[in-house]
Structure formats: C-alpha cells, structure tokens
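# Summary of structural features
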Amino acid sequence: WQGKFYEQTAGTSMGSPLSPVLADIFMEEFESSSLLTADLRPSLWLRYVDDTFVVWPHGPDTLQDFLQYLNKQHTSISFTMEQEQHGTIPFLDVKISRNPDGTLGHSVYRKPTHTDRYLHQRSFHHPSIKSSVNRTLVQRAFEVCDQDNLKRELQHIQTSLQRNGYKPNRIKISKPDQRVPYTQGPPTVSPSVTLPYIGPASHHLQRILRQAGVKVYHSSGNKLQGSLHTHKDKQDSSSKPGVYRIPCECGKVYIGETGRNLPTRLKEHRAHGRRGDFDKSAIVKHSHINDHKVDWDAAELIAPIQFWHPRRIREAIEIRKHNTVPQDIGFHLNDIWLPLLQTDGSPIP
Ligand SMILES: [Zn+2]
C-alpha cells in the first residue's frame, strides 16, 4: 500500500480457503473451555464462524460480567455484544423476534441501509439470470420466515421487484420446487461451452448448440467496473511476460512473446544485431536486408500474459492481425478461427 509493505503477524490470511477451517477449530476449543469454567452459562449458544447467538436467562447485569469474562480468556479474542431491541435482534440474515407466548419468530433481516435494489429487469443479462433474482429471494423467504412472517415477506418481494422493473404478472412468489434429489449412477458428462452474453444472437446460438448436445453457459460482458481503476498499486506492465510488438520505419512490425519482460527481450534483439546474428532475430534481419531503421523506442507490450500456452496463442493471433516483417508464424491456429480475426488492426475484444 503506497509503496509500503505490511506484515500480518497474527491470525490467518483473509480469503484463504484454510482460514475458516482453522477459525472453527480454534473457536470450538475456545468455547468448550470458556463455557465450562464460567460461573453462569447461557441457555443457548449458537455460532456461525465469528457470529454468536446467545440466550441469557440470568438478567442484564450478569450478562455484562459474562462478556468481560469471555474477553479475558484470550489476548486476541474480543467479543462485542448486541442486545435485543424491542424484542428483536438480527443474527446473520435472520431477524429473530420474541413472541408474546415465549416462542421465537423469524423473518428475513435487511440492514437499515438496504435499498431493495436488485438486477434491473432491463439490464443486459440472460433472462435466466434475471429470473434467478426472483427465485432466490422467494427461496430465502420460504427458508427463513415462519408462517406469520412469510406472507409479509412475499408481499415485500413483489413490490421491490416491481420497483426494479419486473412486470407484476411475471413475478413468481409461490413455493419453489423441491430440488431433485441426487440419484446414484454414473454422472452424465455433456460437452459445454461458455460464451459471452451478447443478446438475441446468444439465444439463437444456444438453441443450435443444444440440438448438437452442447450445453451453453453465458458469461457477462465487460462491466463499467472493469474499466475503472482499482485502488491497488499497479505493477509496471513493461516488467511482465507477454506478447510484444516492435515497429520498423517502413510500417511493418515484428511480433514476439517473452516469459521474462520486454526490456530484457529488446536487449537480446539488439545484441543479435550488433553481433551480426541476423538469423536469431527476424526484426534485426529485416532491418539489415532492407536497410530499414527499427523504432526500438516505440516497442511495446500488447498484452501481458503470464502463462506460456495462452501467450503463444495470442502471439499467433497478433501475427495474423498485423502486417509483419517476414517471421515465423508461431503457434498453429486452426483455420476455423480465421474469420474471427479481423485484420484491420482493431484490438481483439
Ligand atoms: Zn522495415
């Protein structure tokens, strides 16, 4: 961050797949020893990762003592506490409320700042993604709400979806179908392909491919966020492996790839020139034979690509797209892809 590196000295890395497992093991040990030795114990202690739901039957004064006691058990474990307000308390995404008869009611909890903004009906996405917004909201309602709260929650879903552009008669608030139970047997493997979603043409392609027994998944196209800059420090792209371009004064270019970085690779090309090793560098050879001047300063990385195989494919694509000096065509591209490679120099999306 801003040129400084910070070292994490305690705990597990955030986002690591191992972290929740280790946290669980640690917390289980912590709970069993702490709760055993406490003077007064909660009548219910339920935990999800680092969120704990507790029923305390001994009154508010002793509850503060219990919190202090827990926080003394381990130097790096510190609990904060939230108590019920007007007989309700949120836990995870469930709002739990105390009923007059002593039972607990439950419904969907939304933060006070929640705006009920969902994927808009006119948003450029495959219809199946939009219908899944409706489906998951309804499914959560049936999973989380008790009978008394369910009707109100479904009504809420209906109005929020309408405010997000969904037509009233297209909104489904009936009980979702039960999932088909998993049946034993060899899993059927069918070929599948993932394509960017581009509207009506995607549905057309999907139908054709389905008839051929190919399953189609859709990825979303470029989002605004992808074009915006992140707050993270960027590595200078010239220090990355990738596909590069060296222009000659005649307008032709040389396309190459490197697993190290561009400055290193350029030095090698120029060294071949100085030593007269013209067969080792196509751009040096071209400049020598035709007495052209290579514009070394305008050499640039076209695409930073870390791994060898995709880099070789990209190199071959760029060779096809550019007006190159005589050079090896690189990786063999199947002719089936050629119609996709525009040769007017526009970048590959
Ligand atoms: Zn030239």
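Everything in this summary refers to the structure shown in the same document. (Residues numbered from 1 in each chain as written. Predicted model: local features only at pLDDT ≥ 70, side-chain atom pairs only at ≥ 80, totals over all residues. Heavy atoms only, no water.)

### Some details on the sheet that holds strand 10 (residues 300-304)
The strand order across the open sheet built from three strands is 9-8-10, with neighbouring strands paired in antiparallel fashion. At either margin of the open sheet sits one strand with a lone partner, and together these are strand 9 (253-258) and strand 10. Direction aside, the axes of adjacent strands within the sheet are offset by 25° on average. This element, helix 7 (residues 262-275), spans strand 8 (242-247), strand 9 and strand 10 of the sheet and lies at about 45° to strand 8. Sheet strands in contact with helix 9 (residues 308-321) are strand 8, strand 9 and strand 10, and its direction is about 175° off that of strand 9. (Pairing = 2+ DSSP bridges. Helix = DSSP H or I, 4+ residues; strand = E, 2+ residues; numbered from the N terminus. Axes fitted to C-alpha atoms, helices over the stretch in contact; angles between N-to-C directions. Contact = heavy atoms within 4.5 Å.)

### As for the packing of aromatic side chains
What the rule picks out here adds up to nine aromatic pairs. With centroids separated by 6.4 Å and ring planes inclined at 20°, the aromatic side chains of Phe26 and Phe30 adopt a geometry described as stacked. Residue Phe26 and its partner Phe30 are both found in helix 1 (residues 19-37); the two are separated by four residues, about one turn of the helix. On the basis of relative accessible area, Phe26 is assigned to the partly exposed category, the value being 33%. (Phe/Tyr/Trp six-rings, centres within 6.5 Å; stacked < 30°, edge-to-face > 60°. Buried < 20%, exposed > 50% of the residue type's maximum accessible area, 1.4 Å probe, protein only.)

### What to know about the pairing of strand 5 (residues 104-108)
Across five bridges, the pairing between strand 4 (residues 94-98) and strand 5 is antiparallel. Bridged to Ser97 within strand 5 is Gly105. The hairpin formed by strand 4 and strand 5 contains five residues between the paired strands, and Gly102 there has a positive phi angle of roughly 90°.

### Points about the sheet that holds strand 4
The antiparallel open sheet is built from three strands, whose spatial order is 3-4-5. With one partner strand each, in any of the chains shown, strand 3 (88-91) and strand 5 form the two edges of the open sheet. Put simply, the sheet's adjacent strands are angled 25° from each other on average, direction ignored. Strand direction decides the pairing type here: strand 3 and strand 4, joined by four bridges, are antiparallel. Each bridged residue has a counterpart across the sheet, and for Phe91 the counterpart in strand 4 is Val94. Each of strand 4 and strand 5 touches helix 3 (residues 127-144); the most contacted strand, strand 5, lies at about 175° to it.

The analysis is restricted to geometry; functional conclusions fall outside its scope.
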